[in-house]
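# Commentary on secondary and tertiary structure
Here is how the chains run, residue by residue.
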Amino acid sequence: MAREVALLWWLMCGFAGLVLLVVSALWIYAMRRTPRQTTPEQAKRITLRWIIGGGILLPGLSIIVLLVFGVPIGQRMLPLPLLGEQPLRIEITGHQWWWEVRYPESGVVTANQLHIPAGRPVDLQVSSADVIHSFWVPRLGGKIDMIPGRDNQIRLQADQPGIYRGQCSEFCGTQHSHMILHVQSHSEDDFAAWLSARQSQQITAPPADAGETFVARCGTCHRVAGVSDGQRAPDLSDLGSRPTLGSGVLTNEPGAILTWLREHQRLKPGNAMPLHDDIDPTHLQTIATWLEGLEP
Ligand SMILES: [Cu+2]
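Just so you know, these numbers come straight off a predicted model, no measurement behind them.

## So, the coordination of the copper ion
Each protein donor to the copper ion is listed here as C168 (SG), E170 (O), C172 (SG) and H176 (ND1); together their distances run 2.0 to 2.6 Å. Geometry at the copper ion is tetrahedral, judged from its 4 donor atoms and the angles of 88 to 127° they form at the metal.

And the structure:
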């Protein structure tokens, strides 16, 4: 899809460049030529010729040419019914400022990362929980707005396994630029393995008092499968396996989760997570180490 969008863009750019050249050439010619004496009759005819040729025929033809190329490309991006293998369905919800990703057929939930199989169409149903966001993975396809109370659909297909970067592309608040989606496409087998590992994940709460702190403080907003059921903030069940924290703010290397828990308001000001200054530092450390180990 991205390839076709790029092709369409180059065609439009080339055509617009041609129009610019022709108009500039005519303009220079008009400035330099010696004025011709015309009768009012002739002047009227010339004016009419320019209106019909330059004002109706030229734009009309240009729009037709553009539609001939553009409509089929737009059509192929729609999630129309397919013969044969059915596309994988994934629901993505935009939040200030993170991505919620759900696989309705398997019940798997994750955040800020999107795992997809390569070589197979994927239908994304996108929406928003707060303001308007826009889903865009430039190397995979076009943009689509994520609008509260409305489900938009886009079909994507990654031809090869690899990593692609997605970015919110509708200004959604101060941390809009820190709304990065890590997209990973796997071979069909690797994708199935990832999905079943996520489904069979068994998680136990952090040890002792830290566990109570997690459930009472973090768990009201964050879900961890089998431990807490918060629905307001990113699901953390596979946090240890995510490449970044805070939707692209920090690389998820050893120790980064503790840094994030301590300094998230400095790293991503205005994010919805409250400060943790009142939490016992040893509990915070235990929770961070536990979160680091959460991976399928
Ligand atoms: Cu945004």
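## A few points about a positive patch on the surface
Residues R33, R36, R45 and R49 make up a contiguous surface patch of positive charge. You can see R49 is positioned in helix 2 (residues 40-76).

## What to know about the nonpolar core
Ranked by size, the top nonpolar core spans 30 residues in total, and within it I90, I92, Y103, L114, L124 and F135 carry the most contacts. Counting residues per element, the ones that place at least two in this core are strand 1 (88-95), strand 2 (98-103), strand 4 (113-117), strand 5 (122-128), strand 7 (144-146), strand 8 (152-156), strand 10 (180-186) and helix 3 (188-199). Setting aside chain neighbours within four positions, we find L124 in contact with I90, I92, F135, N152, Q153, I154 and L156.

## Examining the side chain of S228
As for its position among the elements, S228 is in strand 12 (residues 228-229). Residue S228 is classed as buried on the basis of its relative accessible area, which comes to 10%. A distance of 2.8 Å separates the side chain of S228 from the backbone oxygen of H222, its partner in a polar contact. Non-local contacts of S228, meaning those with residues more than four positions away in its chain, are made with F214, G219, H222 and R223.

## A closer look at the packing of aromatic side chains
A complete count under the given rule lists 6 aromatic pairs for this structure. Ring centres of Y103 and F191 lie 6.3 Å apart, and the angle between their planes is 45°; this geometry places the pair in the tilted category. Of this pair, Y103 sits in strand 2 while F191 sits in helix 3; the two residues are 88 residues apart in sequence, bridging distant segments of the chain. F191 matches Y103 in its accessibility class, with the two residues each being buried.

## Details of the domain arrangement of the protein chain
Accessible area lost during the coming together of the parts is what is often quoted as the interface size. By the assigned domains, the protein chain splits into domain 1 (2-76), domain 2 (88-199) and domain 3 (208-292). Domain 1 and domain 2 are separated by 40 Å when their C-alpha centres are compared.

## Let's talk about the sheet that holds strand 2
Across the sheet, 5 strands lie side by side as 3-2-1-5-8; this open sheet has mixed pairing. Pairing within the sheet leaves two strands with one partner each, and these edge strands are strand 3 (108-111) and strand 8. Adjacent strand axes in the sheet meet at a mean angle of 25° when their direction is disregarded. Looking at chain direction, strand 1 and strand 2 are connected through 5 bridges and run antiparallel. Each bridged residue has a counterpart across the sheet, and for H95 the counterpart in strand 2 is W98. Its contacts with the sheet put helix 3 on strand 1, strand 2 and strand 3, and the angle it makes with strand 3 is roughly 100°.

## Comments concerning unusual backbone geometry
For the bond from Q96 to W97, the omega torsion is 0°, close enough to zero to count as cis. Among the secondary structure elements, W97 is positioned in the loop between strand 1 and strand 2. If you check the backbone angles, N112 has positive phi at about 60° while not being a glycine. By the secondary structure assignment, N112 is in the loop between strand 3 and strand 4. Backbone geometry places S247, a non-glycine residue, at a positive phi of 60°. Relative to the helices and strands, S247 is located in the loop between strand 13 (244-245) and strand 14 (250-251). On the basis of relative accessibility, which here comes to 0%, the residue S247 falls in the buried class.

## Here we look at the layout of surface pockets
Quantified by volume, the largest pocket comes out at close to 750 Å³. H222, A233, P234, N271 and M273 are the residues nearest the centre of the largest pocket, which is lined by 34 residues in total. At the level of elements, helix 4 (208-218), strand 13, helix 5 (256-267) and helix 6 (281-292) are the ones that each hand at least two residues to the lining of the largest pocket. Taken together, the residues that form the lining of the largest pocket break down as 19 nonpolar, 10 polar and 5 charged. A domain split of the lining of the largest pocket shows at least three residues from each of domain 2 (88-199) and domain 3 (208-292). As for the second largest pocket, its lining consists of 17 residues, and the residues nearest its centre are L26, Y29, A30, I46 and W50. Contributing elements (two or more residues each) for the lining of the second largest pocket: helix 1 (2-32) and helix 2. Of the residues forming the lining of the second largest pocket, the biggest block, 8 residues, is contributed by helix 1. Residues of the lining of the second largest pocket, tallied by class, amount to 11 nonpolar, 3 polar and 3 charged.

## Section: a nonpolar patch on the surface
On the surface, F15, L18, V19, L21, V22, V23, L26 and W50 cluster together to form a nonpolar patch covering roughly 760 Å² of accessible area. Looking at which element gives the most residues to the nonpolar patch, the answer is helix 1, with 7 residues. A relative accessible area of 32% places V19 in the partly exposed class.

What counts, and at which threshold
Sequence order as written defines residue numbering, which begins from 1 separately in each chain. Restriction of local features to residues with pLDDT of at least 70 applies here, the model being predicted, together with a cutoff of 80 or more for giving and counting side-chain atom pairs; totals for whole chains, interfaces and linings are based on all residues. No hydrogens and no water enter the side-chain calculation; it runs on all heavy atoms of the structure. We call an atom a donor if it is N, O or S and sits within 2.8 Å of the metal, or 3.2 Å for Na, K and Ca. Water is not counted, so some sites may look partial. Only four donors with every angle between 85 and 135 degrees are called tetrahedral; only four or six donors with opposite donors over 155 degrees apart and all others between 65 and 115 are called square planar or octahedral, in that order; all others are irregular. Without a salt bridge and with relative accessible area above 30%, a residue can belong to a patch; like charges are then joined within 9 Å and nonpolar side chains (Val, Leu, Ile, Met, Phe, Trp, Tyr) within 5 Å. For the area figures, the Shrake-Rupley method with a 1.4 Å probe applies, and any residue is considered shielded solely by the protein chains shown. We define a salt bridge as a side-chain nitrogen of Lys or Arg found within 4 Å of a carboxyl oxygen belonging to Asp or Glu. Two residue types count as positive, namely Lys and Arg, and two as negative, namely Asp and Glu; His and chain ends fall outside the count. The atom standing in for a charge is NZ when the residue is Lys, CZ when it is Arg, CG when it is Asp and CD when it is Glu. Elements are defined by DSSP. Helices are runs of H or I of four residues or more, strands are runs of E of two residues or more, and each kind is numbered from the N terminus. To qualify as a nonpolar core, a set must consist of buried Ala, Val, Leu, Ile, Met, Phe, Trp, Tyr and Cys residues joined through side-chain atoms within 4.5 Å. We call a residue buried when its accessible area falls under 20% of the maximum for its residue type, exposed when it is over 50%, and partly exposed in between, using a 1.4 Å probe and counting protein chains only. Contacts are assigned to residue pairs with any non-hydrogen atoms lying within 4.5 Å of each other. Polar contact is the term for a pair of N or O atoms within 3.5 Å; when the atoms are in protein, one must be able to donate a hydrogen and the other to accept it, and sequence-neighboring residues count only if both atoms are side-chain atoms. Pairs were defined over the aromatic rings of Phe, Tyr and Trp, the Trp ring being its six-membered one, requiring ring centres within 6.5 Å. Orientation was assigned from the angle between planes: stacked under 30 degrees, edge-to-face over 60, tilted for the rest. Where a domain begins and ends is set by an automatic assignment or by a domain database. The rule for pairing is simple: two strands pair if DSSP sees at least two bridges between them. Note on definitions: angles span 0 to 180 degrees between N-to-C directions of axes, and those axes are lines fitted to C-alpha atoms, for helices only across the stretch in contact. Grid points spaced at 1 Å and placed over the protein atoms alone form the basis of the search, with a cavity being a set where a 1.4 Å probe fits but cannot get out and a pocket an open set showing protein on both sides within 12 Å along at least five of seven lines. Lining residues have an atom within 4 Å of a point. Grid points are joined across faces, edges and corners, and a volume is the space filled by probe spheres set on the points. For this scheme, ten residues count as nonpolar: Ala, Val, Leu, Ile, Met, Phe, Trp, Tyr, Cys and Pro. Four count as charged, namely Asp, Glu, Lys and Arg, and the remainder, Gly too, count as polar.

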